[in-house]
Amino acid sequence: MSTVLTILIIVAMIATIVALVRGVIAFLRTTEADLKGTGPSASSLKQNKAMQMRILFQAIAIILVVLLLLLYSGGN
């Protein structure tokens, strides 16, 4: 069981890094026209979606780490 949790933690951490890098790349591709336009641009929507996914993957990784720690502590 701990091996499965460890693998899932690693997968969640990699997914977090990928989402973070995608968000930063979307941020770097923002143009001046995107900033001066009215309403949210396609670039800002991509940035928000990538960062929301990063938060989700990060939360999953934290929950898995807590489960792993509970498993090793014997549930006390």
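Sequence order as written defines the numbering, with residues in each chain counted from 1. pLDDT decides what is reported in this predicted model: residues at 70 or higher carry local features, side-chain atom pairs at 80 or more are listed and counted, and totals for whole chains, interfaces and linings draw on all residues regardless. With hydrogens and water stripped out, all remaining heavy atoms of the structure feed into the side-chain values.

A. Representation of the overall build of the protein chain within the structure. A run of DSSP states H or I qualifies as a helix once it reaches four residues; a run of E qualifies as a strand once it reaches two. Both are numbered from the N-terminal end. Regarding its fold elements, the protein chain presents three helices and zero strands. Shown N-terminal to C-terminal, the secondary structure of the protein chain runs as helices and strands in the order α-α-α. Against the globule reference of 11 Å for 76 residues, the protein chain gives a C-alpha radius of gyration of 17 Å, more extended than a compact globule. C-alpha extents for the protein chain along the principal axes are approximately 55 × 20 × 10 Å. Nonlocal contacts in the protein chain, meaning residues at least 24 apart in sequence, comprise 81% of its contacts between residues at least 6 apart. When the accessible area of the protein chain is evaluated, it comes to approximately 5,800 Å², of which 73% is carbon and sulfur surface. For the radius of gyration, the atom set is restricted to C-alpha positions; the globular benchmark scales as 2.2 Å times the number of residues to the power 0.38. In what follows, a contact means two residues having at least one pair of non-hydrogen atoms within 4.5 Å. Each accessible area is a Shrake-Rupley result for a 1.4 Å probe, and residues are judged covered by the shown protein chains and nothing else.

B. Structural detail: the environment of Gly-23. Here Gly-23 is to be found in helix H1 (residues 2-28). Residue exposure (1.4 Å probe, protein chains only): buried if accessible area is under 20% of the type maximum, exposed if over 50%, otherwise partly exposed. Given the relative accessible area of 4%, Gly-23 is considered buried. For Gly-23 and Ala-50, which are 27 residues apart along the polypeptide, the C-alpha to C-alpha distance reads 4.9 Å. Residues contacting Gly-23, with those up to four places away along its chain left out, are Gln-47, Ala-50 and Met-51.

C. Region of the structure containing the nonpolar core. One finds Leu-5, Ile-9, Ala-12, Ala-61, Leu-64 and Leu-68 forming the largest nonpolar core, which totals six residues. Excluding residues that lie within four positions of it along the chain, Ala-61 makes contacts with Ile-9, Ala-12 and Met-13. The nonpolar core is taken to be a set of buried Ala, Val, Leu, Ile, Met, Phe, Trp, Tyr and Cys residues, with the residues joined through side-chain atoms within 4.5 Å.

D. A look at H1. Expected span, for any helix, means 1.5 Å times one less than how many residues it has. An ideal rise of 1.5 Å per residue puts 39 Å on 27 residues; H1 measures up with 39 Å between its terminal C-alpha atoms. Every buried residue of H1 is listed here: Leu-5, Ile-9, Ala-12, Ala-15, Thr-16, Ala-19, Gly-23 and Ala-26. On its buried face, H1 is in contact with helix H3 (42-73).

E. Main features of the side chain of Gln-47. With respect to the helices, strands and loops of the structure, Gln-47 is situated in helix H3. In the analysis that follows, any N or O atom pair within 3.5 Å is treated as a polar contact, provided that within protein one partner can donate a hydrogen and the other can accept it, and provided that, for residues neighboring in sequence, both atoms belong to side chains. Of the polar contacts made by the side chain of Gln-47, one reaches the side chain of Thr-30; its length is 2.7 Å. Contact partners of Gln-47, with chain neighbours within four places excluded, come to Gly-23, Ala-26, Phe-27 and Thr-30.

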